Structure formats: C-alpha cells, structure tokens
Amino acid sequence: MKNTYSVVITIVLVVMLIIGSVALFLMLQVFNTLNPDEHELPHDYSFSGTLYGEECTGSGHSEYMDESSNEYDYLVKFSLSSADKSYKSDFMMFFDRDDRMLEKYYTYQGKEILDGVETDVWSRDEGGTSYTFYIGLKCKMYKVCIESDILDVIGILKE
C-alpha cells in the first residue's frame, strides 16, 4: 500500500510539473506576442528618385533575420518603377547588440536630425553601389540613400 501511494504521488507531481511547464511556455508566448522586441518589427518604406535617368517611385520592406545571437540582421527588399523600366533589389544591414552598425562593413559619418529624430548616419560602398543609412533607436532605419550608375534613390520610413 505504501508503495502504491508513493507511485501515485510521483505521477501526480510529474503531471503537475508538465502542466506547469506548458502553462509557463504558453504565458511567455502570449507575453512575447503582446510585447514584441522592437528590434524584430518589420518596416515599410517609400522610394523615389531616378532609375536609368528617369523619375521613379517604389516601395521597400525590411525584415528581421534571426541568424545570430550576437547581432541584429535585417534584409531590406525594394522595387522601383519608372515610365519604361522596373528594378528590384535587396540589401542586408548588420548591427551589434548595442544597436550600432558593424564597423567591419559600415563607416560611421556622424549624427543627423530627421523630422525631430536623432539618427546615426552610416555609409557603405558595395559592388559599385553606395548606401547611406540614417538609423535611429532599436536599429530602425528612417532613411536610406542608394546611388549607382543606374539609380539614385531615397527610401523613407512609412510611419
């Protein structure tokens, strides 16, 4: 009888631990859904400028890429169209955990105020294309300027 009682108590404790673990996991999922990390939020952009010498407009979108535990990485895709041409491209942005772009890829240019928001200005030249990034808190890109032999555009964050 004493052995049966111990087995029942053990089973009840194990079941309670499993239920508690599942409940804690579900509570954390709900908390994360209601309070997302601002670093992981996507953003939309409107683009304008010139493409092959013609006026163009377009749109862009940034997505957090959960690729590294010691970096914040983002993929930005954008598309442009003019009267005769269209163009699609993308670029990556890499930040350390202190919200600074990685200096092995980017050059710090200083600070600039955009619509009342203080941003850090970073630049990068890659394969004939030059990028200038205006970055606020939580790795949020407020503006990007992209120049190459075929395009000269500015992307602005849509709020």
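See the structure printed just above.
Residues numbered from 1 in each chain as written. Predicted model: local features only at pLDDT ≥ 70, side-chain atom pairs only at ≥ 80, totals over all residues. Heavy atoms only, no water.

K.L.:
Mind showing me how you'd approach the pairing of strand β9 (residues 151–157) here?
P.N.:
Within a regular strand, the side chains alternate between the two sheet faces. What you see with β9 is a clean split: L151, V153, G155 and L157 sit on the buried side and D152, I154 and I156 on the side with no burial. Across five bridges, the pairing between strand β8 (residues 141–147) and β9 is antiparallel. The partner of I146 across the bridge, within β9, is V153. Linking two consecutive strands that pair antiparallel, namely β8 and β9, is a turn of three residues. (Buried < 20%, exposed > 50% of the residue type's maximum accessible area, 1.4 Å probe, protein only. Helix = DSSP H or I, 4+ residues; strand = E, 2+ residues; numbered from the N terminus. Pairing = 2+ DSSP bridges.)

K.L.:
Please explain the sheet that holds strand β3 (residues 71–81) as it appears in this structure.
P.N.:
Across a sheet, paired strands are connected by hydrogen bonds in the backbone, their directions being either parallel or antiparallel. A sheet is described by the order of its strands in space; here nine strands give the open sequence β4-β3-β2-β1-β9-β8-β7-β6-β5, paired in antiparallel fashion. The two strands at the open ends of the sheet, each matched to only one other strand, are β4 (86–96) and β5 (107–114). Put simply, the sheet's adjacent strands are angled 20 degrees from each other on average, direction ignored. Examined bridge by bridge, β5 and strand β6 (residues 117–126) share seven bridges and lie antiparallel to one another. Bridge pairing links E112 to T119 in β6. (Axes fitted to C-alpha atoms, helices over the stretch in contact; angles between N-to-C directions.)

K.L.:
Please explain the pattern of salt bridges as it appears in this structure.
P.N.:
For side chains bearing opposite charge, pairing can occur when the charged atoms are close. In total, this model carries four salt bridges according to the counting rule given. When the shortest N-O distance is used, the salt bridge between K111 and D120 registers 2.6 Å. According to the relative accessible area criterion, K111 is exposed, its value standing at 53%. Judged by its relative accessible area of 17%, D120 falls in the buried class. One salt bridge in this structure joins R124 and E126, with 3.2 Å as the shortest N-O distance. Overall, the relative accessible area of 38% leaves E126 in the partly exposed class. Salt bridges sharing common partners tie together K111, E118 and D120. (Salt bridge = Lys/Arg side-chain N within 4 Å of Asp/Glu carboxyl O.)

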